[in-house]
Amino acid sequence: MSRFTLDQEIRLIQDEILLLGSLVEQAILNSVHTLQQRDKAAAQRVYKNDRKINAKHYAIENHILITLATQSPLAGDLRLLAAVLVVNTELERIGDYAKGIAKVAIHIGDSDFPIPMREINMMADKATSMLHRALGAFVAGDLEAAYSIPQEDDHVDELYRSVYRKIVECMIKNPQYIDVANELVWVIHNLERTADRVTNICERTVFIVSGESIEFDVSDDELME
Amino acid sequence: MKSRFHLRILWPFILILGMSLIAFFFLYPFVERSIQQHAAASGDVNFVPLFSLFFLILTIGLAVGLLVNIYYTNQHLTILEDLTDAAKELGDGRFQEIKFPENVGDLPEMRELAEALQKTAHQTEEQFNALNKEQTMLTAVLGHMTDGVLIADDNGKVELLNATAERLFRIENDQAVGRSVTEVMRHYSLVEVWEKTKNGYPETITMELGSAHKFLQVVGINLKKDLPGRTMLLFEDLTQTHQLEIVRRDFVSNISHELRSPIAGIKAISETLLDGALDDPPAARRFLVRMDSEVDNLIQMVNELLELSRIEAGRSSFDFQRSKPCELINNAFERMSLQAEKAGLNLTQNCPGNLPQVFADPARISQVFSNLIHNAIKFTPEGGQIHLEAWKDENKVVFMVRDDGVGIASKELKRIFERFFKADKARSGGGTGLGLSISRHIVEEHGGKIWAESAVNAGSKFLFTLPATAGDSQD
């Protein structure tokens, strides 16, 4: 076993994870954009693009398994590769959330339901910004960032509750929109879950650096829900 | 030249001197005995004193020779040592600290060595300075470029990142150098451009970067001719251009819509008239009145557009004169009070008498007041209040039109001065959407500033400033 080869493989895998992260990040932003623009064709492109994300996910998984089998990593390297396997899955799931939002955009089509786009855009921007920084911290082993990023999840939760209330109010006033409103709840749910998955990525960063498996506290507000 | 004494060169001379003295003292008895025996046998004169003298002269000569030799050797070693120090400074690139020995002795080889070293130092310093200057220029150019620059090698390791690219990717050059392009750029489209360019297929793309929503044009350049194995990516920030493009698109879309509505009305009326309404004079008259009103709308819009275009192009003439702020407010108040009354609104004014005069074109400022009060009337429910006020703020006078109407959402507030922008399209029908844009231009032509403060359902305040003339107050 060559130390150099193992290091090189790990760096390649980390780069692949960052690329998958950027694909997923863009997919979330694009899906929300298609919803805002009521652009069915673009939403279909985002929906189909999920195949690319899945293919990348499997390629990374394969790369990790081959590295585990051929390089027999130990200690920190083993922890890192095990963590990358988990993060890879988290990213694939976030990709599915983007696909879900694109699906809603296709269903809603030209409906004149007043979508609270400002808050939804804010949720998407916040969640993708958290994802971007969390992956940077994961690759750099930045413990400080790994502890601070999950705290921003509260902001996304707050936005979720605010949009949820707006949608429900609109649903009560206009029962004819119940279907569309229900679909929109899925959109904000997916964005809220994206931020939650970012928290899981941060937990894996802590695991790589310290070897500890921790779980960031769920805020009391969320427990009350 | 420093004067130093090199002890290490003494030992051969001391050895030779010692050997000579030992030889003298050891050999002297044998030589003396031999000479005396030879003199006794032959009856010749005694040569011993002569022999001693010879040895003495030889020893002194040797000692003097040694001392001279020590002096010269020491001198040359000192020069060599100074030249070595100079060569070391040259090697370290400390050109200012190089000191060549003033006296390099009489040896031509030593002089040549010193001259050659001096020449090398001079040339190296010149080349170094030229390179330094070039490097400084390059750094300055790269540092002040509005475009981002990234250079990476064939293995995908970043070698250079300029200041703009540092800001774009939120990473400093020192941290980025040696890292992979993926780790630095963090976007699959950018990595794709790098890969294609590296493989000899340079590409240019336009893309949106992440949650920061920056619009970039990325140009890949293969540097194989100048820097083999290197690829350069240029990033041009098109965010502002993109926003302007949105404004332009909105403008075209708005103007088309605004022109289409009255034209469609006129078309419908003319068709109705042609279809037989002409034969019914009372109905025909009603239609013609409506047609006239639509044409008036069109004329107003075209006039306002022309006016806006003239002001924007700086072709509009202004008749600036010393004006009393309270007169400006009062004129507007009197002209608009009837309209406000009809709408069931209470129009009030408050203007302190001691305000300084302003330098303004009264007709144009009246137009600004008309636009602002007209908007306030339109967006304030019956029974509401519209208040006009002016006060002094440093060297300017602030004018305010305040209402307690429906207000404006914060995200729309920054766009209301754009051409054709209507905050509430459903309720603002009838207007051209050009009034606030024209008002902004008029106020800015006066050297003032216009802005709005508002929140939904909390009323609106439109404020503008005009520069006060020096000295007097109006009353």
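What you see is a predicted model, and the numbers here were worked out from it, not measured in a lab.

Draft legend 1. Main features of the overall build of chain B. Counting its regular elements, chain B contains 13 helices and 12 strands. Relative to the 2.2 N^0.38 estimate, which gives 23 Å for 475 residues, the radius of gyration of chain B is 49 Å and therefore markedly larger than a compact globule would have. Projected onto its principal axes, the C-alpha positions of chain B cover 180 × 65 × 40 Å. Considering only residue pairs separated by 6 or more positions, chain B has 62% of its internal contacts joining residues 24 or more positions apart. In the structure as shown, chain B presents an accessible area of about 27900 Å², 56% of it carried by carbon and sulfur atoms. Chain B carries 49 positive and 63 negative side-chain charges, and their two centres are separated by 4 Å.

Draft legend 2. Seen up close, the environment of Leu161(B). Looking at where Leu161(B) falls in the secondary structure, it is placed in strand S2 (residues 158-161). Residues contacting Leu161(B), with those up to four places away along its chain left out, are Val149(B), Leu150(B), Glu166(B), Ile171(B), Asn173(B), Ala176(B) and Val184(B).

Draft legend 3. Inspection of the interface of chain A and chain B at higher detail. Contact residues are listed per partner, giving 18 residues for chain A and 14 residues for chain B. Here chain A packs against chain B, burying approximately 1400 Å² in sum over the two surfaces, 55% of which is carbon and sulfur. Scanning the region where chain A abuts chain B turns up zero salt bridges. Inspection of the chain A/chain B interface yields five residue pairs in polar contact (both at pLDDT 80 or more). Secondary-structure elements contributing two or more residues to the side of chain A that touches chain B are helix H1 (3-37) and helix H4 (117-140) of chain A. At nine residues, the largest contribution of residues to the side of chain A that touches chain B is made by H1(A). When its residues are assigned to classes, the side of chain A that touches chain B shows six nonpolar, six polar and six charged.

Draft legend 4. Here's a closer look at the packing of aromatic side chains. Residues and elements named next belong to chain B. Per the stated rule, a full pass over the model turns up nine aromatic pairs over all chains. With centroids separated by 5.4 Å and ring planes inclined at 65°, the aromatic side chains of Phe-369 and Phe-464 adopt a geometry described as edge-to-face. In this pair, Phe-369 is assigned in helix H11 (residues 362-378) and Phe-464 in strand S12 (residues 460-473), connecting sequence segments 95 residues apart. Overall, the relative accessible area of 0% leaves Phe-369 in the buried class. Among the residues examined, Phe-464 registers a relative accessible area of 0% and is labelled buried. Ring pairing ties together the aromatic residues Phe-318, Phe-320 and Phe-359, which thus form one cluster. One residue, Arg-364, lies across the ring of Phe-318, its end atom 4.7 Å from the ring centre.

Draft legend 5. Local environment of the packing of H4(A) against helix H6 (residues 153-173) of chain A. Residues and elements named next belong to chain A. For the pair H4 and H6, the least separation of the axes is 10 Å and the interaxial angle reads 160°. The angle between H4 and H6 falls in the class roughly antiparallel. As H4 runs across H6, the sense of the crossing is left-handed. Contact with H4, carried on its side by Glu-119, Ile-120, Met-122, Met-123, Lys-126 and Met-130, involves Asp-153, His-155, Val-156, Leu-159, Tyr-160, Ser-162, Val-163 and Lys-166 of H6 and no other residues of that element.

Draft legend 6. Spotlight on the side chain of Ser180(B). Tracing the backbone through its elements, the reader meets Ser180(B) in the loop between helix H5 (173-176) and helix H6 (181-185). Engagement of the side chain of Ser180(B) in a polar contact is seen with the side chain of Asp15(A), the distance being 2.9 Å. Setting aside residues no more than four positions away along its own chain, Ser180(B) makes contact with Asp15(A), Gly156(B) and Val158(B).

Draft legend 7. View of helix H13 (residues 435-445) of chain B. Residue and element names in this part refer to chain B. For H13, a buried count of eight out of 11 residues is recorded, marking the element as mostly surrounded by other parts of the structure. Along H13, the residues classified as buried are Gly-435, Leu-436, Ser-437, Ile-438, Ser-439, His-441, Ile-442 and Val-443. Positioned one or two residues after H13, Gly-447 has a phi angle of 85°, which is positive.

Draft legend 8. Representation of helix H7 (residues 188-198) of chain B. Buried within H7(B) are the following residues: Tyr188(B), Ser189(B), Leu190(B), Val191(B), Val193(B), Trp194(B) and Thr197(B). Gly200(B) lies just past H7(B) and shows a positive phi near 90°.

Draft legend 9. Spatial organisation of the domain arrangement of chain B. All names here are of chain B. Taken domain by domain, chain B holds domain 1 (7-123), domain 2 (145-237), domain 3 (242-312) and domain 4 (321-473). A C-alpha centroid distance of 27 Å is found between domain 3 and domain 4. Each partner contributes residues to the interface: domain 3 has 13 residues there, and domain 4 has 15 residues. Between domain 3 and domain 4, a total of about 1400 Å² is buried, with carbon and sulfur atoms accounting for 62% of that surface. Considering only the side of domain 3, the residues that lose the most area to domain 4 are Glu-304, Leu-308 and Ile-311, jointly responsible for 35% of the buried surface there. A salt bridge links Glu-307 to Arg-364, with the shortest nitrogen-to-oxygen separation between them at 2.2 Å. For the side of domain 3 that touches domain 4, the secondary structure elements donating two or more residues are helix H8 (239-274) and helix H9 (281-312). Among the residues forming the side of domain 3 that touches domain 4, the class breakdown is seven nonpolar, one polar and five charged.

Draft legend 10. Expanded view of the packing of helix H2 (residues 40-71) of chain A against helix H3 (residues 75-108) of chain A. Residue and element names in this part refer to chain A. Contact geometry of H2 with H3 gives a least axis separation of 9 Å together with a crossing angle of 170°. Relative to H3, the element H2 lies roughly antiparallel. Viewed along their axes, H2 and H3 form a crossing whose handedness is left-handed.

Draft legend 11. Region of interest: the state of the cysteines. Residue and element names in this part refer to chain B. Taken as a whole, this structure holds one disulfide over all chains when the rule is applied. Between the sulfur atoms of Cys-326 and its disulfide partner Cys-351 the distance amounts to 1.9 Å. Looking along the S-S bond of the Cys-326-Cys-351 disulfide, the torsion reads about -90°, which is the left-handed sense. Taken together, the residues span a long stretch of sequence, with Cys-326 in helix H10 (residues 325-342) and Cys-351 in the loop between strand S7 (346-350) and strand S8 (356-360) at a distance of 25 residues.

Draft legend 12. Spotlight on the sheet that holds strand S4 (residues 214-222) of chain B. All names here are of chain B. Pairing within the open sheet is antiparallel, and its five strands lie in the order S2-S1-S5-S4-S3. What marks the edges here is a single partner per strand, and that holds for S2 and strand S3 (204-209). If you compare each strand with its neighbour and ignore which way they point, the axes differ by 25° on average.

How each quantity is defined
Residues numbered from 1 in each chain as written. Chains lettered and ligands numbered in written order. Predicted model: local features only at pLDDT ≥ 70, side-chain atom pairs only at ≥ 80, totals over all residues. Heavy atoms only, no water. Helix = DSSP H or I, 4+ residues; strand = E, 2+ residues; numbered from the N terminus. Rg over C-alpha atoms; globule rule 2.2 N^0.38 Å. Contact = heavy atoms within 4.5 Å. Areas by Shrake-Rupley, 256 points an atom, 1.4 Å probe, with all protein chains shown as cover. Lys, Arg positive; Asp, Glu negative; His and termini not counted. Charge placed at Lys NZ, Arg CZ, Asp CG, Glu CD. Buried area = accessible area lost by both parts, 1.4 Å probe. Salt bridge = Lys/Arg side-chain N within 4 Å of Asp/Glu carboxyl O. Polar contact = N/O pair within 3.5 Å; in protein donor to acceptor, adjacent residues only side chain to side chain. Nonpolar A, V, L, I, M, F, W, Y, C, P; charged D, E, K, R; others polar. Phe/Tyr/Trp six-rings, centres within 6.5 Å; stacked < 30°, edge-to-face > 60°. Buried < 20%, exposed > 50% of the residue type's maximum accessible area, 1.4 Å probe, protein only. Lys NZ or Arg CZ within 6 Å of the ring centre and 35° of its normal. Axes fitted to C-alpha atoms, helices over the stretch in contact; angles between N-to-C directions. Parallel < 35°, antiparallel > 145°, perpendicular 65-115°, else oblique. Left-handed = near helix turned anticlockwise from the far one by under 90°. Domains from an automatic or database assignment. Disulfide = S-S within 2.5 Å. Pairing = 2+ DSSP bridges.

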